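# Survey of secondary and tertiary structure
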Amino acid sequence: VRDLKATTPSGQPLVVTTTSKSHWRIEAKGGRTVRLSYRVFCNQQTVTTNYVDHSYAVLNGAPTFITLAERGGRPHHVTIELPAGWTHAMTGLADLPGAGPHAFRAPDYETLVDSPILAGPLGVRQFTVGGKPHFVVSAGTVEGWDGAGAARDLQTFVEESQRFWGVLPYDKYLFLLLFRPGGGGLEHKNSNLSTVVTRANATGRWASLGLLAHEYFHLFNVKRLRPVELGPFDFERAPTTGSLWIAEGVTSYYSGLLMTRAGLQTRDEYLASLSNLIGGLQNAPGRLLQSVEQSSLEVWGNSNSGVTPDATTVSYYSKGNILGLLLDARIRRMSDGTKTFDDVMHLAYQRYGGARGYTANQFNRTASEVAGGELSAWFHTTVSTASELDYTDLLEWYGLRFTPSGGTIEGNWRLEVRPDQSETQRRHFDAWLKGGR
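As a starting point, this report considers the structure included with it. This one's a predicted model, so the numbers in the text were calculated from it and none came from an experiment.

## Details of the overall build of the protein
Along its length, the protein carries 12 helices and 19 strands. Computed over the C-alpha atoms, the radius of gyration of the protein is 24 Å, within 12% of the 22 Å expected from 2.2 N^0.38 for a compact globule of 437 residues. In terms of overall dimensions, the protein has a C-alpha envelope of 80 × 45 × 40 Å along the principal axes. Residues counted as buried form 48% of the 437 residues belonging to the protein. Long-range pairs, those at least 24 residues apart, make up 63% of the contacts in the protein between residues at least 6 apart in sequence. With the model as given, the accessible surface of the protein reaches about 20,500 Å², and the carbon-plus-sulfur share is 50%. Placing the 42 positive and 41 negative side-chain charges of the protein at their respective mean positions leaves the two points 5 Å apart.

## Side note on the sheet that holds strand β17 (residues 191–196)
The strand order across the open sheet built from five strands is β13-β14-β15-β17-β16, with neighbouring strands paired in mixed fashion. Two strands close off the open sheet at either side, each with one partner strand: β13 (123–129) and β16 (184–187). Between one strand axis and the next, the sheet turns through 15° on average, direction left out of account. Bridging between β13 and strand β14 (residues 132–140) involves seven bridges; their strand directions are antiparallel. Bridging across to β14, Phe 127 finds its partner in His 134. Along the sheet, helix α2 (residues 147–165) makes contact with β13, β14 and β15 (173–179), crossing β13 at roughly 30°. Here helix α3 (residues 209–217) sits on the sheet and contacts β14, β15, β16 and β17; the angle it forms with β17, its principal contact strand, is near 160°.

## Some points on the environment of Thr 381
One can find Thr 381 in helix α10 (residues 376–384). Taking the C-alpha atoms as reference, Thr 381 lies 41 Å from Thr 198; in sequence the two are 183 residues apart.

## Let's talk about helix α8 (residues 341–352)
The first and last C-alpha atoms of α8 sit 16 Å apart over 12 residues, in line with the 16 Å expected at 1.5 Å per residue. Here α8 lies mainly inside the structure; nine of its 12 residues are buried. Every buried residue of α8 is listed here: Phe 341, Asp 342, Asp 343, Val 344, Met 345, Leu 347, Ala 348, Tyr 349 and Tyr 352. In the core, the buried residues of α8 are packed alongside α2, α4 (244–261), α7 (318–334) and α9 (360–371). Backbone geometry just downstream of α8 places Gly 354 in the positive-phi region, at approximately 80°.

## Describing the pattern of salt bridges
Counted according to the given criterion, the structure contains 19 salt bridges. For Arg 330, the salt bridge is made with Asp 393, and the minimal N-O distance between the two is 2.7 Å. One end of the pair, Arg 330, is in helix α7; the other, Asp 393, is in helix α11 (residues 392–398), with 63 residues separating them in the sequence. On the basis of relative accessible area, Arg 330 is assigned to the partly exposed category, the value being 29%. Salt-bridge contacts for Arg 414 lead to Glu 416; the nearest nitrogen and oxygen are separated by 2.9 Å. When its relative accessible area of 17% is taken as the criterion, Glu 416 is described as buried. Salt bridges sharing partners connect three or more residues here, namely Arg 330, Arg 333, Asp 393 and Glu 396.

## Some thoughts on the side chain of Asp 328
Mapped onto the elements, Asp 328 comes out in helix α7. Taking the relative accessible area as the measure of exposure, Asp 328 reaches 0% and is therefore buried.

## Quick look at the environment of Gly 249
Tracing the backbone shows Gly 249 in helix α4. Judged by relative accessible area, Gly 249 falls into the buried class, the value being 0%. Taking the C-alpha atoms as reference points, Gly 249 and Ser 315, separated by 66 residues in sequence, lie 8.8 Å from one another.

Cut-offs used in this document
Residues numbered from 1 in each chain as written. Predicted model: local features only at pLDDT ≥ 70, side-chain atom pairs only at ≥ 80, totals over all residues. Heavy atoms only, no water. Helix = DSSP H or I, 4+ residues; strand = E, 2+ residues; numbered from the N terminus. Rg over C-alpha atoms; globule rule 2.2 N^0.38 Å. Buried < 20%, exposed > 50% of the residue type's maximum accessible area, 1.4 Å probe, protein only. Contact = heavy atoms within 4.5 Å. Areas by Shrake-Rupley, 256 points an atom, 1.4 Å probe, with all protein chains shown as cover. Lys, Arg positive; Asp, Glu negative; His and termini not counted. Charge placed at Lys NZ, Arg CZ, Asp CG, Glu CD. Pairing = 2+ DSSP bridges. Axes fitted to C-alpha atoms, helices over the stretch in contact; angles between N-to-C directions. Expected span 1.5 Å × (residues − 1). Salt bridge = Lys/Arg side-chain N within 4 Å of Asp/Glu carboxyl O.

Put into structure tokens, the structure is as follows:
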């Protein structure tokens, strides 16, 4: 924040004192209204920072909006003044009634911070699921991108997610897409902001579809069903939790599984993606040095923990994905196919969704309750220690095997259907990939 100035509504200067890197004290001289002006840095191309050039603008709430240092919620109004030739300002914020175009309302500061704004001469496509509008908003260099096909596939995934959860907990949803160098996405309560590519993958589908499926699933798993540490937020302190393997890894597991159930990737494509994950983990020395719980807890202090592991750390994304896979198979096997990890997620959402949040023990107990047996030892071994993983339930329940392929070390972990898969195993396998028991 630069060049911060404060005045009365009539323009009389007020004294501003910087009290910390994110706090200012203003001598209001008894007035009830203060007008601030300030500049913010807008030349960073990430999904958490701001970027403005001649073609579009990305405004994230946290590095943009100053508010009163106070407790409790208070509405915030935002009006965007667009330059000539810019057609849209798109955000998950609600429109501000009677205030004209590009005016929005947030019920509180946390909602304001959680609602990025994309502005410019944007491409906007729309589809409806469950009677609710969904917008696919594009900015940047979109040459060669099949936007219509991407919107159709996103609609298919949203429909599959609605079948899975039984609800769409928002009035509208926005896929805010930035076509520029880089990658990554960030989930929000009714939108996601993602840096994507235009190209298709080897099967002809949009290469960024999996990223957006992951970010969309987050609106359920993290934005509503969340570790208790992840909200409401204290914006002065970074939160820490040992459950990012659930928040991120399980989201990765279900986004891939639901893409398969929705027909957005084939069975063999899904097994190939799991093979790559398992091979990558089993050939990473860090898996035996850092637990996935430690990886989660150390995310702020160790840049190689969680997201980009090195030889001494493990990714809570990839290992968490595999733990979701193994937990699902274990629950199905323990309950003789009458219960699944799907049931755990539904019950956890019912109990801990919204403002409540769950502790690690509450999530573990919910899984044990659904499975009909004690899972505490499984959670301790797989989550809290750096022990080798046991793939027995996965292989025996579905009738799968690991086979060497391609002459690489990773190839030894290729996951495929056994040629002698029994009829019972085939039913279990089909129920898993089609969404059943």
